[in-house]
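Now for the letters of each chain:
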Amino acid sequence: MKIKWVQIACLSGLLASGAAVNERPNLLLILADDLGWGDVGFNGCGDISTPALDSLAASGVRCTAAYASHGYCGPSRAGLMTGRWQQRFGNVINPPFAPAHDNVGLARGEKTLAEYLQDAGYTTGLVGKWHLGAAEPMHPMSRGFDSFFGFLGGGRDYFPEDFPPQDKVWSNLNDVWYFYKLPLHRGRQPIPPPQGYLTDILTEEAVRFVSRKRDEPFFLFLSYNAPHTPLSAKEEDLAKYSHIEDEQRRTYAAMIDCMDQGVGRVMKALNENGLHDNTLVIFASDNGGRLPWSNNGPFSGGKGAAYEGGFRVPCILRWPGRLEAGQDFVRPLSLLDIMPTLMHLAGIEADPDRPLDGVNLLPFLNGEQTGDPHERIYAKRYYNTNPDVGNRAMRQGDWKLVQNKFDGPFALFNLGTDPGEKNDLRSVFPEKMAQMERDYRKWESMHVPPPWGWSEEGANGMDVRKIDISAARRAFEGSKQAE
Ligand code: CA
């Protein structure tokens, strides 16, 4: 496979001389939440319609072996926003919603993609889900985004007007579903519940963002929570999927359909504003599809698993005239690569104190560089109280090392012949097995403990079960009054 790279060499030369800053492309990163590898038309889905995403894939590069840096939300987003393995700085568990805790969220020593791009003159915006901390120093606008519209926690009800009284929300916050009923934010301010369906509301905000006239290039992170739970869809979208018998999958399908319509509307807005050709669009999911309602294609496992279905995700890069359309890139890449790729296009060097684990993908996509972007892809799901939930994985070429439970045995698979990871080859290739386990342990040796957990043991002192909700409420409402 060879991708034609038409003009980037020229562009890079201009950037190196500090000229032609306006030639830098706009950057649009669209992230789905818990979308299965096989639940999009461009990866062969038969029962869910995704024409906008299929069109994006047909006019860009479909990456068939893209890996999120984690099997679930918060840690995956920590890696995405820093270009570094989140295990380096302890972001290995979802941050609890803790607006009174200044250190709960994306580690404060890290510099985000948005901060780098903001420093380089990009207009930066986040629309949708953050999930990297709710306290003031953790707010998206404290971490490099000029604007924010969305929600700070890990999920949100899809019908914001279905909004219980605040006292009821705050008195039930130990129940995760009540976290999902906290107000949306515009900037740092909670807003009254808007009318409509959340995916549409986020789409409309993204359309407004790309339609705004500005002198500088922009970076928009459109972070849909679809199709994450709660499974909740509009009647008009559900009506298209009456052929799906299973109610959970029918609802999930309708949620994906609505998100796909949203992607189509944002792409139309790019076109209408003359930005179609000068915008690099990346689409991916933050982790694999949740079972049992999602379909992770030929891969085993779902969200959270160390098997491919846990963290191998749908992924497209599209930039007309710069990346040859309709190509497949089949070599393993990491969503950690998004940050260095975008930084390269913006002409930014990484801070040497925070070396990036991702790589610039462009030379690989255009065929200038052969081989795999990564010699090794890792995954580790940390859990400090229940070893059954923790897992580990490493891919090296076609070989895949998997430990399904922290205290269980490692297994060895060959993805080239066994993408479903069914045939454990550890006893056939004991030397390969030992070498991979040694390499994996070397990676793990640079990890630091998480700063919070579900007990004080194994976490660095903070038990999320003891978070003071009344202090959280004061902090949340204090931010409202301060505006
Ligand atoms: Ca997710």
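Residues numbered from 1 in each chain as written. Predicted model: local features only at pLDDT ≥ 70, side-chain atom pairs only at ≥ 80, totals over all residues. Heavy atoms only, no water.

## Points about the overall build of the protein
Counting its regular elements, the protein contains 14 helices and 17 strands. Since a compact globule built from 483 residues should have a radius of gyration of about 23 Å, the 21 Å found for the protein is in line with a globular shape. For the protein, long-range pairs separated by at least 24 residues make up 69% of all intrachain contacts whose partners lie at least 6 apart in sequence. A gap of 2 Å separates the mean positions of the 51 positive and 60 negative side-chain charges of the protein. (Helix = DSSP H or I, 4+ residues; strand = E, 2+ residues; numbered from the N terminus. Rg over C-alpha atoms; globule rule 2.2 N^0.38 Å. Contact = heavy atoms within 4.5 Å. Lys, Arg positive; Asp, Glu negative; His and termini not counted. Charge placed at Lys NZ, Arg CZ, Asp CG, Glu CD.)

## A word on the coordination of the calcium ion
In the first shell of the calcium ion, the protein supplies Asp33 (OD), Asp34 (OD), Cys73 (SG), Asp286 (OD), Asp286 (OD) and Asn287 (OD1), at 2.2 to 2.6 Å from the metal. Seen from the calcium ion, its six donor atoms lie at angles of 54 to 156 degrees, and the figure they make is irregular. The sequence motif formed by the donor residues of the calcium ion is D-D-x38-C-x212-D-N. Here Cys73, found in helix α3 (residues 73-82), pairs with Asn287, found in the loop between β9 (279-285) and α10 (308-311); they are 214 residues apart in sequence, far enough to count as distant. Each member of the pair, Cys73 as well as Asn287, carries the same accessibility label: buried. (Donors = N, O, S within 2.8 Å, 3.2 Å for Na, K, Ca; no water. Tetrahedral: all angles 85-135°; square planar, octahedral: opposite > 155°, others 65-115°. Buried < 20%, exposed > 50% of the residue type's maximum accessible area, 1.4 Å probe, protein only.)

## Examining the nonpolar core
For soluble globular proteins, nonpolar side chains are generally found buried alongside one another. Within the largest apolar cluster, 69 residues are counted, with the highest numbers of intra-cluster contacts made by Phe219 and Phe221. With six residues, helix α11 (residues 338-346) is the largest single contributor of residues to this core. With residues near it in sequence (within four places) discarded, Phe221 still touches Leu29, Leu31, Leu80, Met81, Gly125, Leu126, Val127 and Phe145. Of all hydrophobic cores here, the second largest spans 50 residues; its members include Leu28, Ala32, Ile48 and Leu198. (Core = buried A, V, L, I, M, F, W, Y, C linked by side-chain atoms within 4.5 Å.)

## Some points on unusual backbone geometry
Here the amide bond leading from Thr229 into Pro230 is cis, since omega sits at 5 degrees, within 30 degrees of zero. Relative to the helices and strands, Pro230 is located in the loop between β8 (218-223) and α8 (235-238). Of note, the amide linkage connecting Leu291 to Pro292 takes the cis form, showing an omega dihedral of 15 degrees. Mapped onto the fold, Pro292 is located in the loop between β9 and α10. Positive phi is not limited to glycine here, since Glu421 has a value of about 50 degrees. Along the chain, Glu421 turns up in the loop between β17 (410-414) and α13 (430-444). Judged by its relative accessible area of 5%, Glu421 falls in the buried class.

## Observations concerning α3
In terms of residue burial, α3 counts as a mostly covered element, since 10 of its 10 residues are buried. Along α3, the positions that sit buried rather than exposed are Cys73, Gly74, Pro75, Ser76, Arg77, Ala78, Gly79, Leu80, Met81 and Thr82. The inward-facing, buried residues of α3 abut β1 (26-32), α4 (113-119), β4 (123-129), β8 and α11. Positive backbone phi, approximately 70 degrees, marks Gly83, located one or two places after α3.

## Some thoughts on the pairing of strand β5 (residues 147-151)
Walk down a regular strand and you will see the side chains alternate between the two sheet faces. Of all five residues in β5, four are buried; the element is thus mostly enclosed. Examined bridge by bridge, β4 and β5 share five bridges and lie parallel to one another. In the strand pairing of β5, Val127 is matched with Phe149. By the bridge criterion, two bridges tie β5 to strand β6 (residues 185-186) in an arrangement that is antiparallel. When the bridges of β6 are listed, Phe149 appears paired with Arg186. (Pairing = 2+ DSSP bridges.)

## Some remarks on the pattern of salt bridges
This model, assessed by the stated rule, comprises 35 salt bridges. The closest approach of N and O atoms between Glu136 and Arg188, which form a salt bridge, is 2.8 Å. Taken together, the positions of Glu136 in the loop between β4 and β5 and Arg188 in the loop between β6 and β7 (189-190) put the pair 52 residues apart, joining distant regions of the chain. Between Glu308 and Arg312 there is a salt bridge, with the nearest N and O atoms lying 2.7 Å from each other. The same class applies to Glu308 as to Arg312, namely buried. If you follow the salt bridges from partner to partner, you end up with Asp200, Glu204, Lys234, Glu236, Asp237, Lys240, Asp257 and Arg265 in one network. (Salt bridge = Lys/Arg side-chain N within 4 Å of Asp/Glu carboxyl O.)

## Concerning the sheet that holds strand β13 (residues 333-334)
Strand order in the open sheet formed by three strands is β10-β3-β13, with mixed pairing between adjacent strands. Every interior strand has two partners, whereas the edge strands, β10 (312-313) and β13, have only one. In the sheet, strand β3 (residues 66-67) pairs with β10 via two bridges, with the strands oriented antiparallel. Bridging from a neighbouring strand, Ala66 pairs with Val313 of β10.

## Brief notes about the environment of Val104
Take Val104: it is sitting in the loop between α3 and α4. For Val104, a relative accessible area of 2% translates into the label buried. Distance from Val104 to Pro451, taken between C-alpha atoms, is 7.8 Å for residues 347 residues apart in sequence. Once residues lying within four places of it in the same chain are set aside, the contact partners of Val104 are Pro95, Pro96, Ala98, Gly133, Ala134, Met138, Trp452 and Met462.

## Some points on the sheet that holds β17
Taking strand neighbours across the sheet as the criterion, the four strands line up as β14-β15-β16-β17 in an open arrangement whose pairing is antiparallel. Here the strands that pair on one side only, and so sit at the sheet edges, are β14 (376-381) and β17. Pairs of neighbouring strands in the sheet enclose a mean axial angle of 10 degrees, with direction left out of account. Bridge analysis of strand β15 (residues 391-396) against strand β16 (residues 399-403) gives five bridges, and the strand direction is antiparallel. From the neighbouring strand, Arg395 faces β16, where its bridge partner is Lys400. Its contacts with the sheet put α13 on β14, β15, β16 and β17, and the angle it makes with β15 is roughly 115 degrees. (Axes fitted to C-alpha atoms, helices over the stretch in contact; angles between N-to-C directions.)

## Re the confidence of the model for the protein
Of all residues in the protein, 91% have pLDDT values of 70 or greater, and the mean over the chain is 90. Every residue in residues 1-21 scores below 50 in pLDDT, and together they form 42 contacts with partners more than four places removed in sequence or on other chains. (pLDDT = per-residue confidence, 0-100.)

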